[in-house]
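Results of the structural survey
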Amino acid sequence: MGFFTKDADQDKWKNKYLKLFDEQQQFVIEESEKQALLCKTIIRLSLAASGFDAQLDAHLQNIRAHLEQGINNNILKQDLENFATVLGDINTISPQKHSLSTELLFNFLLRQYTSTPHQAALQALKIASESSDIVNHEQLFGTILAILNTDLSSTDPSKSITHTIDIKIVSNQLLRLLEAIDIPIVFNKQAQAVKHELMTVNDSTPFQAVLDKSINLLLKVKQHNQLERQDIDKFLTHITQQLTELGQTVHGASESAMESELMRNKLDSSVSAQMEALQISSSTATKLESLKEIINERLVCITLEIQDHTQKESIHRKKTQLQLEELTLKVKHMEAESNDLKVKLKQASDQALRDALTKLPNRLAYEDRLQNEFARWKRYHMPLSMIIWDIDLFKRVNDEFGHKYGDEVLKIISKKLSEHCRETDFVSRFGGEEFIMLLPNTDKQMAIRLANQLRYIIEQTDFNFNGKQSTPITISCGITEFIEDDSAETAFDRADNALYRAKQQGRNLCCDD
């Protein structure tokens, strides 16, 4: 009985046990913090990978939703397997599937129209239609009719292509196609040169050479887009592999935590049982010697169990520590990749939505902004106006002073339009020498006043470049305000018709619908 009156001996074993318990609790807390960091990193990485494909985005969203509620190995494993399956299906889809109808159409036309001019024009149009999804059927069929509705019955090879088809129509259609597709930055100079040749084509121009350059450019754009898609596929595959590896590491760390908790619970139960048995034995013992033997046996048993647990815990802790260190390195590596990817995606997004020459938003950015402003106008019924600008006699500027001078004119006018419009207004280069503006919370009368101010600023601008100075350069525009039952297309058509009237009435004018 005297054994239990000695507080020092009793506290010794109690303190050892509590110390082990505190260490285990601290280990669980550290592991929970690292799992939270892992969840955060995977969520960030999935956000960075979003936007490449709608099907993949849905699975990435599921992964984020589950991780926000904590790590569940079975759910996370299933999410990753679903993600990998969808990614594999996307990689095996034929890129020609959606253009099957146009493929059949061009195969038929190329078999029926076998003359050299027809073949060259149709091949160029086929490549252009395959290079971009945004070329609409009206443009496509209009160009086909322009090619086919010409007399090409002559088989005399000495005849020039300019004598058999209207090269102006074909050139204009090719120009519209080039303006419609997204030209990668690396091909900007080549594209500008091809567009310039198409704008200045005439009967004396070797049109076959111009067609060859156009086809060559479109082929390069197509190959570039295919390589970009391959890079995206590789990136998504890399993401899948990393997420799978992280899932496996998390699973291992989670199992280690569960095993450690079981060991601690087992020790807790065993020590409690030994102490309870010791108390019963001491309360029923009648002789001091037998009590001492019982106490010694129990203490030896408890000591051995604690030593065994400590040894196993040490081994287990080292193993878990290695796993967590490996996990930490992977998390740091993925965070670095994620940050790098965010920078690259922002740069790519800026490049995709900016006109390389003028630095204004491009047509793609305009389409995106128009969709937002149109939806806001439909919902809140606040006035919304549109202005289409066109530089007067720009072709003559290029012909007289050269393409570089024309580029400088475009840059100066872009800067003036951007600097002197309001902060809430949106101005973009629509294509060639055309610009377009969206004016939120602006009725037609306010838009007319702003347009005339900008027109006057351009008229007073000194276009001096390397000692070259042309006659005053002016700009005309068509103005409209969105009205009830309008669509983006009907409003654009009204502004375009108003611009046409401004040109017909002498240029350097702002006309409204």
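Shown above is the structure to which this text applies.
Presented here is a report on the structure given in the accompanying data block. (Residues numbered from 1 in each chain as written. Predicted model: local features only at pLDDT ≥ 70, side-chain atom pairs only at ≥ 80, totals over all residues. Heavy atoms only, no water.)

**Remarks on the overall build of the chain**
Scanning the chain from terminus to terminus reveals 15 helices and 7 strands. A buried classification covers 41% of the 513 residues belonging to the chain. The long-range share in the chain, meaning contacts at least 24 apart out of those at least 6 apart in sequence, stands at 73%. By element, 52% of the accessible surface of the chain is carried by carbon and sulfur atoms, the whole surface being about 28,900 Å². (Helix = DSSP H or I, 4+ residues; strand = E, 2+ residues; numbered from the N terminus. Buried < 20%, exposed > 50% of the residue type's maximum accessible area, 1.4 Å probe, protein only. Contact = heavy atoms within 4.5 Å. Areas by Shrake-Rupley, 256 points an atom, 1.4 Å probe, with all protein chains shown as cover.)

**Observations regarding helix H14 (residues 444-459)**
Residues spaced three or four apart along an α-helix face the same direction, because each turn holds 3.6 residues. In a regular helix each residue adds 1.5 Å, so 16 residues correspond to 22 Å; H14 covers 22 Å between its end C-alpha atoms and thus fits that length. As for H14, its buried residues are in contact with strand S1 (384-391), helix H13 (403-420), strand S3 (434-440), strand S6 (475-481) and strand S7 (510-512). N-cap assignment for H14: the residue whose side-chain oxygen lies 3.3 Å from the backbone N of Gln-445 is Asp-443. (Expected span 1.5 Å × (residues − 1). Polar contact = N/O pair within 3.5 Å; in protein donor to acceptor, adjacent residues only side chain to side chain.)

**Overview of the packing of helix H12 (residues 394-401) against H13**
Contact geometry for H12 and H13: axes closest at 6 Å, N-to-C directions at 140°. Judged on the interaxial angle alone, H13 and H12 are oblique. For the pair H12 and H13, the contacting residues are Phe-394, Val-397, Asn-398 and Phe-401 in the first and His-403, Tyr-405, Gly-406, Val-409 and Leu-410 in the second. Per-class residue counts for the contact of H12 with H13 are 6 nonpolar, 3 polar and no charged. (Axes fitted to C-alpha atoms, helices over the stretch in contact; angles between N-to-C directions. Parallel < 35°, antiparallel > 145°, perpendicular 65-115°, else oblique. Nonpolar A, V, L, I, M, F, W, Y, C, P; charged D, E, K, R; others polar.)

**Some points on the pattern of salt bridges**
Side chains that carry opposite charge are capable of pairing whenever their charged atoms lie near each other. A complete count under the given rule lists 15 salt bridges for this structure. The partner of Lys-411 in a salt bridge is Glu-408, with the nearest N and O atoms 3.5 Å apart. A residue pair is termed a helical-turn pair when its members lie 3 or 4 positions apart in one helix, as Lys-411 and Glu-408 do in helix H13 at 3 residues. Here Lys-411 falls in the partly exposed class, since its relative accessible area comes to 34%. Beyond isolated ion pairs, a larger network of salt bridges with shared partners links Lys-444, Asp-486, Arg-494, Asp-512 and Asp-513. (Salt bridge = Lys/Arg side-chain N within 4 Å of Asp/Glu carboxyl O.)

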